[in-house]
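# Tertiary structure, described
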Amino acid sequence: MQQSINGNELIMRVVQGDDIAFAQLFRQYKNKLYSFIFHLSGSATIAEDVLQDVFLKVWRDRDQLTGIDNFNAYLYRMAQNTAINVLRRQSREALLLNEVQRLAPEGVHGDELLAAKEVRTALQQAINNLPPQQRKVYQLGKEQGLTYEQISSSLGITTSTVRNHMVQALKAIREYIALHFPTLLIYLVPMLAMMMA
């Protein structure tokens with residue numbers, strides 16, 4: 001879809017904080033963008049979540065829109081990257097749960113395996129409880145797959161600071177899991193280590 005002059009004017013109004021223009025921009029793109037994300041992910045839930053995330057980012061970073069030549073390409077690339085990150089995270093969680101079930105000691109059934117599935121929730125809570133900078137470093141490194149150098153450049157901090165934040169974040173996550181899942185920790189430790197490596 002080529003951007004018209006009206007499209008450019010609409011984006012300029014969004015840049016200026018016009019929420020009516022933003023709502024109009026959302027209506028203009030939502031159906032096609034939803035279909036695109038759904039085609040990528042195969043999930044209506046993921047498509048809805050990613051669609052919301054993308055437009056929240058557009059609004060939050062609206063002052064950067066003036067430097068974008070092709071808003072359409074920018075929006076679809078952001079949607080694609082966000083969907084891929086969600087799918088990667090879900091894939092890592094599925095691998096972890098499969099490994100937990102495979103290595104669970106004999107006699108561990110029902111409630112205990114259900115508790116093992118709750119590790120996903122505990123991990124997310126542990127990540128959410130991290131200090132903001134540690135959380136950013138962890139998410140950029142472990143969820144988006146950036147190198148320490150890329151994180152350093154993105155956040156404007158040294159690579160040694162990135163490394164320190166990552167070490168502290170992983171320690172805090174392990175402690176959180178140990179606190180909330182002490183009975184499962186014996187056989188969860190190897191999988192958590194693998195996930196966090």
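First, a word on what this report is: a plain description of the structure on this page. (Residues numbered from 1 in each chain as written. Predicted model: local features only at pLDDT ≥ 70, side-chain atom pairs only at ≥ 80, totals over all residues. Heavy atoms only, no water.)

### Examining the pattern of salt bridges
Opposite charge on two side chains permits them to pair, given that their charged atoms come into close proximity. Here is the rule: The salt bridge definition used is simple: a Lys or Arg side-chain nitrogen within 4 Å of an Asp or Glu carboxyl oxygen. To sort residues, take the accessible area from a 1.4 Å probe on protein chains only and compare it with the maximum for the residue type: under 20% means buried, over 50% means exposed, and anything in between is partly exposed.
Per the stated rule, a full pass over the model turns up two salt bridges. With a shortest N-O distance of 3.2 Å, D18 and R13 are connected by a salt bridge. A relative accessible area of 33% places R13 in the partly exposed class.

### Observations concerning helix α2 (residues 19-41)
Selection rule: In this scheme, the bend at a residue equals the angle between the axes fitted to the seven residues that finish there and the seven that begin there. Per the convention used, a helix needs a DSSP run of H or I reaching at least four residues, while a strand needs a run of E reaching at least two, with both numbered from the N terminus. Each polar contact in these results corresponds to two N or O atoms within 3.5 Å; when the atoms are within protein, one needs to be able to donate a hydrogen and the other to accept it, and residues that are neighboring in sequence are counted only if both atoms are side-chain atoms.
At K30, α2 shows its maximal bend, which comes to roughly 45°. For α2, the complete set of buried residues consists of A21, F22, L25, Y29, L33, I37 and S41. Sitting at the amino-terminal end of α2 is D18, which places a side-chain oxygen 2.9 Å from the backbone nitrogen of I20. One or two residues past the end of α2 sits G42, with phi positive at roughly 70°.

### Notes on the packing of aromatic side chains
To keep it simple, the criterion reads: Pairing of aromatic rings covers Phe, Tyr and Trp, the last through its six-membered ring, and needs centres within 6.5 Å; plane angles under 30 degrees mean stacked, over 60 mean edge-to-face, and all others mean tilted. Over a ring means this: the NZ of a Lys or the CZ of an Arg is within 6 Å of the ring centre and within 35 degrees of the ring normal.
Counting across every chain of the model gives seven aromatic pairs. The interplanar angle of 70° and the centroid separation of 6.1 Å between the aromatic rings of F22 and F55 together place this pair among those described as edge-to-face. One end of the pair, F22, is in helix α2; the other, F55, is in helix α3 (residues 44-60), and 33 residues separate them in sequence. F55 shares its class with F22; the two are buried. Ring centres 6.2 Å apart and planes at 40° place the aromatic pair F71 and Y74 in the tilted group. Here F71 and its partner Y74 are both found in helix α4 (residues 71-103), three residues apart, which amounts to about one turn of the helix. Take F71: its relative accessible area is 2%, and that puts it in the buried class. Feature note: the residues F22, F26, F55 and W59 constitute an aromatic cluster, connected by ring pairs. Over the face of the ring belonging to W59 we find R62, whose NZ or CZ atom lies 4.0 Å from the ring centre.

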